[in-house]
Structure formats: structure tokens, C-alpha cells
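Working through the structure, step by step
Here's the letter readout for the chains.
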Number of protein chains: 2
Amino acid sequence: MSHRIGKRTIELDRQIYILSSAGVAGNKESNGPLVNYFDEVYSDDLLGEKSWEKAESRLQKNAADAAIRKAGISAENIDVVFAGDLLNQCISSVFGLYSLGIPFAGQYGACSTMAQAMLMSALLTDSGAVNYALAVSSSHFCSAERQFRLPIEYGGQRNLTSQWTVTGAGAAIITGEKGICRIEHVLIGRIIDMKIKDANNMGAAMAPAAADSILSYLKDTSTKPEDYDLILTGDLGFLGSELLVSLCKKEGVDITSHHNDCGMIIFDREKQDVHAGGSGCGCCASVFCSKIMQQLKSGELSNILFAATGALMSPTSSQQGESIPGISHLIHIRR
Amino acid sequence: MSHRIGKRTIELDRQIYILSSAGVAGNKESNGPLVNYFDEVYSDDLLGEKSWEKAESRLQKNAADAAIRKAGISAENIDVVFAGDLLNQCISSVFGLYSLGIPFAGQYGACSTMAQAMLMSALLTDSGAVNYALAVSSSHFCSAERQFRLPIEYGGQRNLTSQWTVTGAGAAIITGEKGICRIEHVLIGRIIDMKIKDANNMGAAMAPAAADSILSYLKDTSTKPEDYDLILTGDLGFLGSELLVSLCKKEGVDITSHHNDCGMIIFDREKQDVHAGGSGCGCCASVFCSKIMQQLKSGELSNILFAATGALMSPTSSQQGESIPGISHLIHIRR
């Protein structure tokens, strides 16, 4: 059972835990600051596969396998997998995970998908509908560039506001059995459209959605930024994060000293030339499921908000003059 | 709260109802046998919009608006919308529904999306996480042809095993408040891959998934096809339906006289030249939310299984030699 507090926050009534998690990443990511946190890194971004899309499926499979192994269970124990990705028709998830034989509920929240999948997993374990749920998401720089922008062979120059799509995946197992940390509250994001149309500045498109979810949650729970060790957004990057901080300040809430963003954490800004930071479903999935979960396990972090963000657009919608609405799903996690 | 019975079926513990529903459809559909069941039909398949994609968004919005109106509530009362469609990055749902301002959880189950959205709506209302949930899905013949096959202007000849993507949408409101019919059980589909690679024979690709879900459900609940007025699949069409019946027979279960398929119901096979029947997310969404719901309301039907089916592929996965896995999500509905 769960119940609502305030206007939009859902409080879980049972003790629902993240039992295990795993983050895997590609070559560029393994040259960044998180190399020692990832469960697996790959020097070959094709992972031995014949296409970038198949490589991305492999990322999902490897992350899921590692999370299952670390939980000490087998795929047959898992009642549902919530998964999704950026590729058309979510093919990384389908072809990555079908061999596990787990009932599958495809999710689409763009780069917020990992939080959406974890949120659904938490709600369904809380209700008793499932005992073990698996949440998985991924992205791959080359499959994303090919689909959303230009073939990498073209060598197009990237805009300074652009973010770098992470080659990586994350997986987490959620259950009522005692695990590393508890999911106590969740909030399902609204689609927020500030009429931003620049597909090279996704951070700006997503920041208003993050502000909406974070401010709604703080209001619903009568808590303040100071009550949390960390307010972690998905992949706003450097520009989007600045915008988020200023949007919150406008509403009288100062998150400056508590906020960080997976897109700012995953790469070394000075040395790795990623412009505005990391992005993609695999960004917050791999960062949350590796470094953040390890910090929750060690006690370095004990009370955090995880608000992944997504830009809900396609090349077709942009070509037809549509703006880029954003969304942000939020999870409150306590050690 | 809900609990599992048998291996995969989830039984809802509260009384969860479909409070209202609406099905809308395009010109070809309005020349078919269901014209008097649809809430709205449009002689202009562009619905006054400038692109097929925008027209498809409009279908979702119109279906959602009609369902909300029929429920006698307003969009502000609804706590979550589960929606999805066939277009890349689910843009019909995003651009169709964002103006409603309802928290949004994007779903991707290809043509099984309506059942997936209804199933998630039922589970979250059952758990107390939400009071009112909205499930929406759509497809549009022209947007689907352009994206998955050939531009319609090309005038390519269709294969006899091909199905015709329905221009239509359906929306349903699910809540704990007494409504038209109850959702008693749900079953989340598994990805079933029989290694079928013919993108012009989707029915055959999806039939094994429908068989898997229906047979699992009957076993879990110790019920027989005769216990139901109707076992309704999503959009297997004529060929896929034959295959489903024979797959079930192989397992000793005869569904022949209880089975029907939304893809066989929506068009007139003799007069409408649709080859193997209707398909697309909008097929079962519009059929279920119009004719089937009206039959449940009138008492003509009182105990049915609704097993929507989806083919989990993209043009890219097919070009890269992948097969077409299927999925089928199942809902047990009683008047």
C-alpha cells in the first residue's frame, strides 16, 4: 500500500529497498573520475557486437546481469523488469533483456527513464504486486548521435551548449527484502514545456521540469534542501544545473550547496572536452547505480533526492517546429 | 494492495473500476462496422493539423478529453497518465497530452501499449498511490507508414499478410470509485521471440506472446476459455489469430469459440481491402474503449480477457537482422 502526501508525493507504506545495483560504462567514461566505481568498463565501445545498437543492448544485459549477481538471486526470481532507452521503439531494452525471460514493461521517459523505472518498481513491490523488480536503462554515444544528430563519421562540430551522451547503463533490483537503502517517497513528473527549441541545449529544456518536481516534493513533505545530503539531478549538465538553481531561488528555495548533477559528475570537465556535461539515459543510470549507491552503502550519503530529467522530443517533432518539453521523476532515498 | 496467484497473475485486492472510456477514429475506420460505437470520427485524417504526427497527437487529446468528460471529472483530478504510441520517442503521447498538466509516465509496449497503460493504472489505483489514472494510446496510418514502411505518396503495394494501421485512439479512466466494469486480474507479458523476421507479418510475430500470456493466466487462475464471454486479443489480425488458436490447441486449450481480435473487428474484411486486418496501438485502444466497453456497460459482455499484443521492433533492428519479438499484456475484466 502507499498513500499520497501533499499534492503529488506518494509515500510508500512498506519498507522497500534497493537490494543491489550495477553501473557499467564505455571507454570515455572509464577515462573519467568514476572509473573505480563502475562494475564493468569496456575499452571497445562496440563490446564485440556488430552495431552501436547491439552494443547498447549488451550494456543493458551486462548491467542487469551484474545487479542480479550482486543480489544473490537469479532472473527467475524477478517478477517484472521496467526498462527503457533513447532508441526508437526502445530496442536496446527489448533486445538487451529478452533473454532473461522476465515479464517486461517498457518505459519511456527519455533521460529520466532510470528514475521512472525505479519509481514503478518501488510502487509495485510496495503494493505486493511483485516481490522483486528490476529497473534498467542505457544510452550509447554512437547510437544516439546517429539517431538524433549526425553520423559520427561526419565529424560535425559540437555546440558549446551540447552535452555528451554517455555510453553506459545502470540496473537496480528493488524489493521488500532488506537491502542497501530504502525508497521512501516517489513523485511522478509532469511534462513542462517552456517552449525551448534548441536541441543543442537540452539542459535548459529540462531544468524547469526538475525545478517543478523538486519544489513540489519539498512543499508536499514540508522539508528543506538542508534536510538532504544531496539533491541529485539526472543530466542537466553545467548550464541546465545553473538554470535549475536560479529557478529554485526565484521560488525562495536555495539548493546551491546541496545540488549536484550526474552530467557534471561523470566526466572531467577540464580534461574530457564534453562541453556542457554528460547526458543520455545511461548517464544518471550508470552514475546512480555505481558511485551514488556505493556512497549510500558506505554511509557517506544517507538521505538523498534523485530527480532524473528527460527531454521529450524526437528529430521529427523538432523538424516540425515543436518545442522540447521536459520531465523529471523524483525518488527520495534514505540509507 | 494486490497479490500474486499462480506464477504470474496479479489479483487486485480493492475494487478497481474503469469509470469511463472513449474511442475516436479516422475516416477509413468510420466507414467500417464500428462507426456507431466511436465517440468521435474524423473525415479529415489530418484533423486540421499540419502533419500526420500532429494529427495523431490530436487523436490522443480528443480521446482523453472525451473520457474525462464522460467520467464527470476534470483533468486536475487525475493523478497520473500512462500513455504511449508507436512513434519514435512516443511523441504523439507527449505532444497530445502535455497540455492536460497530469503527471506523465510514458509507456512503450508497441501495439500492446493500451493494455500496459490500463494495467499500470489498475495496479497504482489498487495500491492507493493514485486515485484516478488515465490510460491512453493511439496510432495513425500515415505517421506509421512514413516511419515504419514507405511514404504513402510512393504508393507501394501492400503484402497480403500486411495489416492496416488504424487511425484512432482510446482513453480510459481507472479508479477505485464504482464504474462500468472491474479490473480483477492483470498479467504482465514476457518478450517472446520465435525468430520471425517478416515485418509484413506482424500477426505471426505476436501470436506466440498472446498464447504465452493467455495460457499462463488460465493456468494461474485454474479457469478455462468457457469461463469467459470473450478472449479478445489486440491486433493479431486474421493470420495471427489462426496461429494463436492453433498454438493454444497444441497445449490442449481450445479458445476457438471464445476468441476474437480487435484487428478482425475494426474493418469490414470483404469491403475494406485491409488484407490481414487492422493493427497499431490505436486498433485495440479504439475498439476496446468504444464497442467492447459499451458491450460491458449494456451487459452483452460480462466477463472478458483483454490481451493486447505488440511487436517489439524498429526499422533499425530489422535492418540489422534482428527478429521481431512479441509481447502481450493481459487484463481480466468483469462487469
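Counting from 1, residues in each chain are numbered in the order their sequence is written. To read the labels, note that chains go from A and ligands from 1, taken in the order they are written. This being a predicted model, a pLDDT of at least 70 is required before a residue's local features are given, and a value of 80 or more before pairs of side-chain atoms are given or counted; all residues contribute to the totals for chains, interfaces and linings. Where side-chain values are given, they derive from all heavy atoms of the structure, hydrogens and water being excluded.

1. Focus: the relation of the copies chain B and chain A
Put simply, the test is: The fit set for superposing copies consists of C-alpha atoms from residues with pLDDT of at least 70 in both; the fit itself is least squares. What makes two residues a contact is simply this: any of their non-hydrogen atoms within 4.5 Å.
Structural alignment of chain B on chain A gives an RMSD of 0.0 Å, achieved by rotating through 180 degrees and translating 0.0 Å along the axis. When the rotation and shift are considered jointly, the pair of chain copies conforms to a two-fold rotation axis. Both copies contact each other with a shared surface, as 100% of the interface residues of chain B are interface residues in chain A too.

2. Observations concerning the pairing of strand β15 (residues 326-334) of chain A
Residue and element names in this part refer to chain A. In plain terms, the rule: Burial classes: relative accessible area under 20% of the type maximum marks a residue as buried, over 50% as exposed, and values in between as partly exposed (1.4 Å probe, protein chains only). Counting from the N terminus, the helices are the DSSP runs of H or I reaching at least four residues and the strands are the DSSP runs of E reaching at least two. For two strands to count as paired, DSSP must find a minimum of two bridges between them.
In terms of burial, β15 is a largely internal element, eight of the nine residues being buried. Here strand β10 (residues 181-187) runs beside β15; their pairing, made up of five bridges, is antiparallel. When the bridges of β15 are listed, I183 appears paired with I333. By the bridge criterion, nine bridges tie strand β14 (residues 303-311) to β15 in an arrangement that is antiparallel. Within β15, the position partnered with N303 by the bridge is R334.

3. Focus: the nonpolar core
The condition is simple: Residues belong to one nonpolar core when they are buried, are Ala, Val, Leu, Ile, Met, Phe, Trp, Tyr or Cys, and are joined through side-chain atoms within 4.5 Å.
Within the largest apolar cluster, 137 residues are counted, with the highest numbers of intra-cluster contacts made by L134, I173 and L244 of chain A together with L134, I173 and L244 of chain B. Apart from residues lying up to four places away in sequence, L244 of chain A is in contact with A207, A210, A211, I214, T233, L236, I255 and H259 of chain A.

4. Structural notes on the interface of chain B and chain A
One widely used convention gives an interface's size as the accessible area the parts lose upon coming together. Condition: Buried area is calculated as the accessible area (1.4 Å probe) missing from two parts once they are joined, with the contributions of both summed. Whenever a carboxyl oxygen of Asp or Glu lies within 4 Å of a side-chain nitrogen of Lys or Arg, that contact is scored as a salt bridge. Here a polar contact means two N or O atoms within 3.5 Å. Within protein one must be a hydrogen donor candidate and the other an acceptor candidate, and residues neighboring in sequence count only if both atoms are side-chain atoms. Residue polarity is assigned by list, with Asp, Glu, Lys and Arg as charged and Ala, Val, Leu, Ile, Met, Phe, Trp, Tyr, Cys and Pro as nonpolar; anything else, Gly included, falls into the polar class.
In this complex, chain B contributes 60 residues to the contact, which on the side of chain A involves 60 residues. Contact between chain B and chain A buries roughly 4700 Å² in total, counting both sides, with carbon and sulfur atoms accounting for 61%. At the junction of chain B and chain A, the tally comes to four salt bridges. Put simply, R4 of chain B and D79 of chain A hold a salt bridge, and the shortest N to O gap is 3.6 Å. The interface formed by chain B and chain A contains 29 residue pairs in polar contact (both at pLDDT 80 or more). If you tally residues by element for the side of chain B that touches chain A, the top one is helix α4 (residues 113-127) of chain B, at six residues. A breakdown of the residues in the side of chain B that touches chain A according to their chemical character gives 29 nonpolar, 20 polar and 11 charged.

5. Here we look at the packing of helix α2 (residues 52-71) of chain A against helix α5 (residues 141-148) of chain A
Residues and elements named next belong to chain A. Stated formally: Angles here are taken between N-to-C directions and fall from 0 to 180 degrees, while the axes themselves are lines fitted to C-alpha atoms, restricted in helices to the stretch in contact. For this classification, under 35 degrees means roughly parallel, over 145 means roughly antiparallel, 65 to 115 means roughly perpendicular, and everything else is oblique. Helix crossings fall into two classes, left-handed where the near helix is turned counterclockwise from the far one by less than a right angle and right-handed where it is turned clockwise.
One way to put it is that α2 packs onto α5 with a least axis distance of 8 Å and a crossing angle of 135 degrees. Taken together, the axes of α2 and α5 lie oblique to each other. In terms of crossing hand, the pair formed by α2 and α5 is left-handed. Across the interface between the two elements, W52, E53 and E56 of α2 pack against C142, S143 and R146 of α5. Each residue belonging to the contact of α2 with α5 can be placed in one class, and the counts come to two nonpolar, one polar and three charged.

6. Points about the environment of D39 of chain A
Residues and elements named next belong to chain A. With respect to the helices and strands, the residue D39 is situated in the loop between α1 (27-30) and β4 (40-41). D39 gets classed as partly exposed once you look at its relative accessible area, which sits at 31%. As for D39 and A199, which are separated by 160 residues in sequence, their C-alpha atoms are 32 Å apart. D39 has contacts with S21, A22, G23, K70 and C289, leaving out every residue within four places of it along the chain. A polar atom in the side chain of D39 sits 2.6 Å from the side chain of K70.

7. Concerning the pattern of salt bridges
Two side chains of opposite charge can pair, provided their charged atoms sit close to one another. All names here are of chain A. Here the structure, examined in full by the defined rule, presents 26 salt bridges over all chains. One salt bridge in this structure joins D193 and K195, with 3.1 Å as the shortest N-O distance. Given the relative accessible area of 15%, D193 is considered buried. On the basis of relative accessible area, K195 is assigned to the exposed category, the value being 52%. Among the charged side chains, a salt-bridge network with shared partners connects R8, R190 and D212.

8. Comments concerning unusual backbone geometry
All names here are of chain A. Despite not being glycine, C90 shows a phi value in the positive range, around 50 degrees. Tracing the backbone shows C90 in the loop between β5 (80-85) and α3 (91-97). Owing to a relative accessible area of 4%, C90 belongs among the buried residues under this scheme. Of note in this structure, K195 is not a glycine but carries a positive phi near 65 degrees. Within the secondary structure, K195 is located in the loop between β10 and α6 (202-221).

9. Focus on helix α4 (residues 113-127) of chain A
Residue and element names in this part refer to chain A. To be explicit about the condition: In this scheme, a helix's expected span is set at 1.5 Å multiplied by one less than its residue total.
Between its first and last C-alpha atoms α4 spans 21 Å; for 15 residues at 1.5 Å apiece the expected length is 21 Å, and the two agree. With respect to burial, α4 is a largely interior element, 15 of its 15 residues being buried. Two residues or fewer after α4 comes G128, characterised by a positive phi angle close to 90 degrees.

10. Description of the packing of α6 of chain A against helix α7 (residues 237-250) of chain A
Residues and elements named next belong to chain A. Viewed as axis vectors pointing N to C, α6 and α7 meet at an angle of 40 degrees, and their least axial separation amounts to 8 Å. Relative to α7, the element α6 lies oblique. When you trace α6 past α7, the crossing you get is right-handed. Between α6 and α7, the residues in contact are G203, A204, A207, P208, A210, A211, I214 and L215 and G240, L243, L244, L247 and C248, respectively.

11. Some points on the environment of L312 of chain B
One can find L312 of chain B in the loop between β14 (303-311) and α10 (315-319). Overall, the relative accessible area of 1% leaves L312 of chain B in the buried class. A sequence separation of 305 residues divides L312 of chain B from K7 of chain B, and the C-alpha atoms of the two residues are 24 Å apart. With residues up to four places along the chain from it excluded, the contact list for L312 of chain B reads V94 and F95 of chain A together with Y108, G109, A110, I191, P325 and I327 of chain B.

12. Some points on the side chain of E53 of chain A
Structurally, the position occupied by E53 of chain A is in helix α2. Discounting chain neighbours no more than four positions away, the residues touching E53 of chain A are L87, I91, S143 and R146 of chain A together with T316 and Q320 of chain B.

13. Considerations on the packing of aromatic side chains
Residues and elements named next belong to chain A. Cut-off, in case you're wondering: Aromatic rings from Phe, Tyr and Trp, taking only the six-membered ring of Trp, are treated as a pair when their centres fall within 6.5 Å; an angle between ring planes under 30 degrees marks them as stacked, one over 60 as edge-to-face, and anything in between as tilted.
Scanning the model with the defined rule gives seven aromatic pairs over all chains in all. Here F288 and F306 contribute two aromatic rings whose centre-to-centre distance is 4.6 Å and whose plane-to-plane angle is 10 degrees, an arrangement assigned as stacked. Of this pair, F288 sits in helix α9 (residues 281-298) while F306 sits in strand β14; the two residues are 18 residues apart in sequence, bridging distant segments of the chain. A single burial state applies to F288 and to F306, both of which are buried.

Functional significance is not addressed by these values, which are geometric in nature.
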